[in-house]
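# Breakdown of the fold
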There are 2 protein chains.
Amino acid sequence: MPAPQPDFDAFDRLVAERSERWAQELADFCRIPSETDQAAPLRLAAEWTAERFRRAGAEVRFLERPDAPPLVVGEIGGGPRTLLSQDHYDVQPATPLELWTSPPFEPQIRKGRLYARGAADDKGDFLFRLQAVEALRDALGELPCRVRFIVEGEEESGSKHLAGYLADAPDLVEGHGALIEGGGVDEVGRPVLVCGVSGLCYVQLHVRTLAYDAHSGGARLLPNAAWRLVQALATLRGPDDALTIDGYLDHVRQPTEAQLAHLRTLPFEEAEIKRIHGCPVFVGGRTGFAAQVAETFQPTSNIAGLVSGFTGEGEKTIVPAEAWAKMDLRLVPDLDPEIAVRCLREHLDRRGFTDVEIEPGSGESPYWTPIDDPLVDAAAAAHAGIFADEPLRFFSMPGTAPLHQLCAPHGLPITSIGGSDAEVRAHAPDESCDLDLMVKGARVMGRFLVGFAALE
Amino acid sequence: MPAPQPDFDAFDRLVAERSERWAQELADFCRIPSETDQAAPLRLAAEWTAERFRRAGAEVRFLERPDAPPLVVGEIGGGPRTLLSQDHYDVQPATPLELWTSPPFEPQIRKGRLYARGAADDKGDFLFRLQAVEALRDALGELPCRVRFIVEGEEESGSKHLAGYLADAPDLVEGHGALIEGGGVDEVGRPVLVCGVSGLCYVQLHVRTLAYDAHSGGARLLPNAAWRLVQALATLRGPDDALTIDGYLDHVRQPTEAQLAHLRTLPFEEAEIKRIHGCPVFVGGRTGFAAQVAETFQPTSNIAGLVSGFTGEGEKTIVPAEAWAKMDLRLVPDLDPEIAVRCLREHLDRRGFTDVEIEPGSGESPYWTPIDDPLVDAAAAAHAGIFADEPLRFFSMPGTAPLHQLCAPHGLPITSIGGSDAEVRAHAPDESCDLDLMVKGARVMGRFLVGFAALE
């Protein structure tokens, strides 16, 4: 028998009364330009977060390590069950600035959306969860469970020090379930529950062919680092855009028949995705179910940045001495960052590109929870009465979050309750969130806390 | 019968007396940061040039066209024969600044070399030629010929308006021979006469695959502009570094047996070139005579710059929406820029890269003079007594200068008298010139003017 549901009218009234103030609070948070790797604004954002926890009446832990942004932990509520909420106060760099309609750190509300770097990822989602926790406590008198917000300052640059923080304070990962940052609705507004996260392997490839840039008249003889890098990169991808890193795909766990059958029940808004991103064709011409399978079960091999030689306005005629490519590989079970780097190194070496250096960056292993876990059922139930549609259960999100570090030690199940829609432009210029959707997210969050507390 | 040679003692004495002041004058000129495409400092450099001509007693023409740096022409001397000197007051951009030992526009003399952007290319060579002309006039009382310095302000960005200037003033290209900018000595100090220039076809390739950069979780579906550009570029070059642009090499005039025989008499300091540039192997593993043939008779297909996505410090995980490559193709007879662009376009189209745009930049046709032309003989004779070695005659320089525009209308022969050595690092950080070599160049220049005047 499920526990009797409390009356959520008082909670919903508080949410409605506070929603305008909540939007202003989000704008305040987004004014802090806490771009990942920028120590000074990151500290401001960490302090803002800690202060916000204090105002909510949470127990605050402000953890520090050398050369790392603080890890801010806020714990609120009580009872036998503890929910972890994985969040972060750092944001992606806002460049290229010229593509923003309004400046990234001067939040602006237009047509019900708040535009700012971090509006969605993750300041927006973090705040509405905390705001919902507060409102639920105020409505019910006390919280039905304990919630531990674990708010990082370097999620966008690979959570480099999270492992160290967790080693210092292993009690942080004790609990009974976790919310992944993000979540929300799909391209046509149906709520989505995400039950996994991709891993990530970030590397920088570097080639040097000359002691210094040379006059390009010398190009008949002098090796060009840009050409060398292009030639190396070209071996990593087939003409049909297939991933051709030797051995890389051999580590990918194949989807089961049951997983494929579930995937077929999920909508895939191909035309909408293409419209939003302005691309008439997907990678490799994938379409329909094949594209959906790739989106869910495939790793990536992405060039995030490429630079060599003269990149300014005008013309300069040189043979570049150096070239760099930043690559991020999104990982699915059973790939991990070590395997990915090893495959890449062996692939390049086998083709004679021993001169192409691989500088490893951040790494995260993937982490997936079965989509029929009771935690996921509770999250689904929390949407009743707020969204018309039953939530869709997705195996994993395309992006990465450090859930493996947080949840693998105790095997915690994970899901998501977020306020993102297909227009948020996370990581891109004109990031925004739909303020109404954030309010709906808060209402779902309140109900989920009650459902989560009632789980065995 | 050659005309009786004047006594050069008085001239040589003047050169020796003035050489220290000349170096200071070069430092003054190099303090003007006249980077190509930078209108304000270019105007300063144009005015400096015009003023310098006036001080030398030259007739000055300060030609202007809209949105173009001035063309400064200085004419001095008289008699039936006119020598053109092709020069420029603009310099290559000084970036990357952090690789300069001393700032590029704060000239510094270290161990007999003057370090500054433009010290060699072309402020240094231009100035010693003018200084030599002045000194010869002062020593002999009058010049034996007329010299017309044509000093451009956009040579380093492809002489875009030179054709217009020359159309306005077609008398500028009348004369009996021309000096190419540059010239000097080879890797081991032997004087070199360059009898041709490469052409140039500058293009920017551009690809857009998305309306805006996307979160790289989307890389399973969203086409990446960097990958697209890499794939397109990779088709332009074989694994052995061969140029594989369809049809491009078909237009290259094959060397004659006589040319190859002459080439075999020329030194090729392979080890020295490799040492200076810090590269153990040449492009495609070329070595010995094959490398020398390529250096002389091959066009290039060079990536001068490459940029896409996030290129800053740290990590950003995006699918780049756009990617650019700057390419410069050095041309030999019988290629010209139109042919090069057409080959490139057809090559890309044939492989389905119709989405890769080619934005044409500056273009120059190649121009070669036979190495046994009387002008070249006169230049060779001018070196007697100053250099121990007979000058080596090179078919062409690896770089480009607008000699086709200046000399093709009247078929003027060309050669070079310059002060560059293998350490000048033209277009690169730490550009410099050997001040003693500039003085030797001035002494050669004085003798050449006398020899040039005596030609039929």
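Throughout this document, residue positions are counted from 1 along each chain, in the order its sequence is written. Numbering of ligands from 1 and lettering of chains from A proceed in the order in which they are written. Local features in this predicted model are restricted to residues of pLDDT 70 or higher, and side-chain atom pairs are both shown and tallied only at a pLDDT of 80 or more, whereas totals for entire chains, interfaces and linings draw on every residue. To obtain the side-chain values, all non-hydrogen atoms of the structure were used and water was disregarded.

### A look at the overall build of chain A
Check the secondary structure of chain A and you find 12 helices and 20 strands. Only protein chains enter the accessibility calculation, which uses a 1.4 Å probe; a residue whose area is less than 20% of its type maximum is buried, one above 50% is exposed, and one in between is partly exposed. For chain A, with 456 residues in total, the buried portion stands at 62%. Across chain A, the mean location of the 43 positive side-chain charges is 2 Å away from that of the 70 negative side-chain charges. Secondary structure elements follow DSSP: runs of H or I of four or more residues count as helices, runs of E of two or more count as strands, with numbering from the N terminus. For the purpose of charge, His is not counted, nor are the chain termini; Lys and Arg are scored as positive and Asp and Glu as negative. We put the charge of a Lys on NZ, of an Arg on CZ, of an Asp on CG and of a Glu on CD.

### Describing the nonpolar core
Each nonpolar core is a collection of buried residues, namely Ala, Val, Leu, Ile, Met, Phe, Trp, Tyr and Cys, held together in the definition by side-chain atoms within 4.5 Å. One finds Leu205(A), Leu233(A), Phe448(A), Leu205(B), Leu233(B) and Phe448(B) to be the most contacted residues of the largest nonpolar core, which totals 264 residues. The criterion used for residue contact is that any of the two residues' heavy atoms lie within 4.5 Å. For Phe448(A), the contacting residues outside a window of four places in its chain are Leu83(A), Leu179(A), Leu375(A), Ala378(A), Ala379(A), Ala382(A) and Ile417(A).

### A short note on the sheet that holds strand β3 (residues 82–88) of chain A
Residues and elements named next belong to chain A. DSSP bridges decide pairing: two strands pair if at least two such bridges lie between them. Here six strands make up an open sheet; going across it, the order is β1-β2-β6-β3-β7-β19 and the pairing mixed. A strand with exactly one partner marks an edge of an open sheet, and here the two such strands are β1 (59–63) and β19 (414–416). Averaged over all neighbouring strand pairs, the angle between strand axes comes to 20°, with direction disregarded. Pairing between β3 and strand β7 (residues 177–180): three bridges, direction parallel. Directly across from Leu83, in β7, lies its bridge partner Gly177. In this fold helix α2 (residues 39–55) packs onto β1, β2 (71–77) and β6 (146–152), with an angle of close to 160° to the strand it touches most, β1. Along the sheet, helix α3 (residues 123–140) contacts β2, β3, β6 and β7; its crossing angle with β6, the most-contacted strand, is approximately 160°. The angle between two axes is taken between their N-to-C directions and runs from 0 to 180 degrees, where each axis is a line fitted to C-alpha atoms and a helix contributes only its stretch in contact.

### Notes on the interface of chain A and chain B
With 88 residues of chain A in contact, the opposing surface of chain B contributes 88 residues. Buried area: the accessible surface (1.4 Å probe) lost by two parts on joining, summed over both. Summing both sides of the interface, chain A and chain B together bury roughly 7100 Å²; the carbon and sulfur share of this comes to 57%. Looking at the side of chain A facing chain B, the largest losses of area belong to Arg220(A), Trp227(A) and Glu315(A), adding up to 14% of the total buried there. Definition used for salt bridges: Asp or Glu carboxyl oxygen within 4 Å of a side-chain nitrogen of Lys or Arg. Linking chain A to chain B there are zero salt bridges. Pairs of N or O atoms are called polar contacts if they sit within 3.5 Å, as long as, within protein, a hydrogen donor faces a hydrogen acceptor (for residues adjacent in sequence, only side-chain-to-side-chain pairs). The interface formed by chain A and chain B contains 51 residue pairs in polar contact (both at pLDDT 80 or more). Element by element, the count of residues in the side of chain A that touches chain B is highest for strand β12 (residues 302–309) of chain A, at eight residues. Here the residues of the side of chain A that touches chain B sort into 42 nonpolar, 31 polar and 15 charged. Ten residue types, Ala, Val, Leu, Ile, Met, Phe, Trp, Tyr, Cys and Pro, are classed as nonpolar, four, Asp, Glu, Lys and Arg, as charged, and the remainder, Gly among them, as polar.

### What to know about the side chain of Ser216(A)
Residue position: Ser216(A) is located in the loop between β11 (214–215) and α5 (225–234). Classification of Ser216(A) as buried rests on a relative accessible area of 0%. Setting aside residues up to four positions removed in sequence, Ser216(A) forms contacts with Thr317(A), Ile318(A), Val319(A), Asn302(B), Asp328(B) and Arg330(B).

### Side note on the confidence of the model for chain A
Here pLDDT means the predictor's own confidence in every residue, given as a number from 0 to 100. For chain A, the average pLDDT comes to 95, and 99% of its residues sit at 70 or higher. Here the prediction assigns the complex a pTM of 0.84, and the interface score ipTM is 0.85.

### Observations regarding the relation of the copies chain A and chain B
Least squares is the method used to superpose the copies, on C-alpha atoms of residues holding a pLDDT of at least 70 in both. Superposing chain A onto chain B takes a rotation of 180° combined with a translation of 0.0 Å along the rotation axis, leaving an RMSD of 0.1 Å. The transformation relating the two chain copies, once decomposed into turn and shift, fits a two-fold axis. Distance from the rotation axis, computed per C-alpha, reaches its smallest value in chain A at Val307(A): 2.2 Å. Most of the interface of chain A is mirrored in chain B, where 100% of its interface residues again form contacts.

### What to know about the packing of helix α6 (residues 257–265) of chain A against helix α8 (residues 288–297) of chain A
Residues and elements named next belong to chain A. Relative orientation of the contacting elements α6 and α8 amounts to 115°, with a least axis distance of 11 Å. With respect to the hand of their crossing, α6 and α8 are arranged in right-handed fashion. Each of Gln259, Leu260, Leu263 and Arg264 in α6 lies in contact with α8, whose residues at this interface are Phe289, Gln292, Val293, Thr296 and Phe297. Residues belonging to the contact of α6 with α8 are distributed by class as follows: five nonpolar, three polar and one charged. We call a crossing left-handed when the near helix sits turned anticlockwise from the far one by less than a right angle, and right-handed when that turn is clockwise.

### Examining the environment of Ala304(B)
Mapped onto the elements of the fold, Ala304(B) is located in strand β12 (residues 302–309). Judged by relative accessible area, Ala304(B) falls into the buried class, the value being 0%. Separated by 281 residues in sequence, Ala304(B) and Ala23(B) place their C-alpha atoms 32 Å apart. Excluding its chain neighbours within four sequence positions, the residues that come into contact with Ala304(B) are Ser308(A), Gly309(A), Phe310(A), Lys316(A), Thr317(A), Ile318(A), Pro320(A), Tyr202(B), Lys326(B), Met327(B) and Asp328(B).

### Regarding the sheet that holds strand β17 (residues 392–394) of chain B
All names here are of chain B. If you trace the three strands from one edge of the open sheet to the other, you get β8-β9-β17, paired in mixed fashion. Two strands lie at the open edges of the sheet, namely β8 (184–185) and β17, each paired on one side alone. Pairing analysis gives two bridges linking β8 to strand β9 (residues 191–194), with the strands arranged antiparallel. Across the sheet, the residue bridging to Val185 is Pro191, located in β9.

### Some points on the pairing of strand β7 (residues 177–180) of chain B
All names here are of chain B. With burial as the criterion, each face of β7 is covered, one bearing Gly177 and Leu179 and the other bearing Ala178 and Ile180. When β7 meets strand β19 (residues 414–416), the two strands line up parallel, connected through three bridges. In the sheet register, Leu179 faces β19, and the bridge partner there is Thr415.

### Observations concerning the pairing of strand β10 (residues 196–208) of chain B
Residue and element names in this part refer to chain B. A large share of β10 lies buried, amounting to 12 of its 13 residues. With two bridges joining them, β10 and strand β16 (residues 367–368) adopt antiparallel strand pairing. Its bridge partner lying in β16, Gly196 is registered against Trp368. Relative to strand β14 (residues 322–331), β10 runs antiparallel, the two being bridged by 10 bridges. Counterpart to Val203 in the pairing with β14 is Met327. In this sheet, strand β15 (residues 357–364) lies alongside β10 in antiparallel orientation, the contact comprising six bridges. Bridged to Cys201 within β15 is Gly363.

### Section: unusual backbone geometry
Residue Asp121(A) is joined to Asp122(A) through a cis peptide bond whose omega torsion reads 5°. Looking at where Asp122(A) falls in the secondary structure, it is placed in the loop between β5 (113–115) and α3. Cis peptide bonds are those with omega within 30 degrees of zero, and the linkage from Pro333(B) to Asp334(B) qualifies with 5°. With respect to the secondary-structure elements, Asp334(B) resides in the loop between β14 and α9 (337–350). In the Ramachandran plot, Arg425(A) falls in the positive-phi region, its phi being about 55° despite a non-glycine side chain. Within the secondary structure, Arg425(A) sits in the loop between β19 and β20 (432–434). Exposure remark for Arg425(A): the relative accessible area of 27% places this residue in the partly exposed category.

### Side note on α8(A)
The α-helix advances 3.6 residues per turn, and as a result positions three or four apart in sequence lie on the same side. Within α8(A) the residues assigned to the buried category are Ala291(A), Gln292(A), Ala294(A), Thr296(A) and Phe297(A). Buried residues along α8(A) sit in contact with α6 and β16 (367–368) of chain A.

### Digging into the environment of Pro107(B)
Residues and elements named next belong to chain B. Mapped onto the secondary structure, Pro107 falls in the loop between β3 (82–88) and β4 (108–110). Note: C-alpha distance between Pro107 and Phe29 (78 residues apart in sequence) is 9.4 Å. If we ignore the near neighbours within four places in the chain, the residues touching Pro107 are Ala27, Cys30, Arg31, Leu114, Tyr115 and Ala116.

### So, the layout of surface pockets
Every definition here rests on a 1 Å grid over the protein atoms only: cavities are sets of points where a 1.4 Å probe fits but cannot get out, pockets are open sets enclosed by protein on both sides within 12 Å along at least five of seven lines, and lining residues have some atom within 4 Å of a point. Grid points are joined across faces, edges and corners, and a volume is the space filled by probe spheres set on the points. In this structure, the largest pocket occupies an estimated 690 Å³ of space. Around the largest pocket, the lining is made up of 33 residues, and of these Gly309(A), Glu322(A), Trp324(A), Pro96(B) and Glu98(B) lie nearest the centre. Where the lining of the largest pocket is concerned, the elements lending two or more residues are β10 (196–208), β12 and β14 (322–331) of chain A. If one sorts the elements of the lining of the largest pocket by residue count, β12(A) sits on top with five residues. Class assignment of the residues belonging to the lining of the largest pocket gives a composition of 14 nonpolar, 10 polar and nine charged.

### Some details on the pattern of salt bridges
All names here are of chain A. Evaluation of the coordinates by the stated rule reveals 68 salt bridges over all chains. With a closest N to O distance of 3.2 Å, Glu75 and Arg146 form a salt bridge. Taken as a pair, Glu75 in strand β2 and Arg146 in strand β6 lie far apart in primary sequence, 71 residues in all. Residue class for Glu75 comes out buried when judged on its relative accessible area of 11%. Between Arg208 and Glu322 there is a salt bridge, with the nearest N and O atoms lying 3.1 Å from each other. Residue Arg208 is located in strand β10, and its partner Glu322 is located in strand β14; the two are separated by 114 residues in the primary sequence. Arg208 gets classed as partly exposed once you look at its relative accessible area, which sits at 42%. Through salt bridges with shared partners, one network takes in Glu25, Arg52, Arg55 and Glu134.

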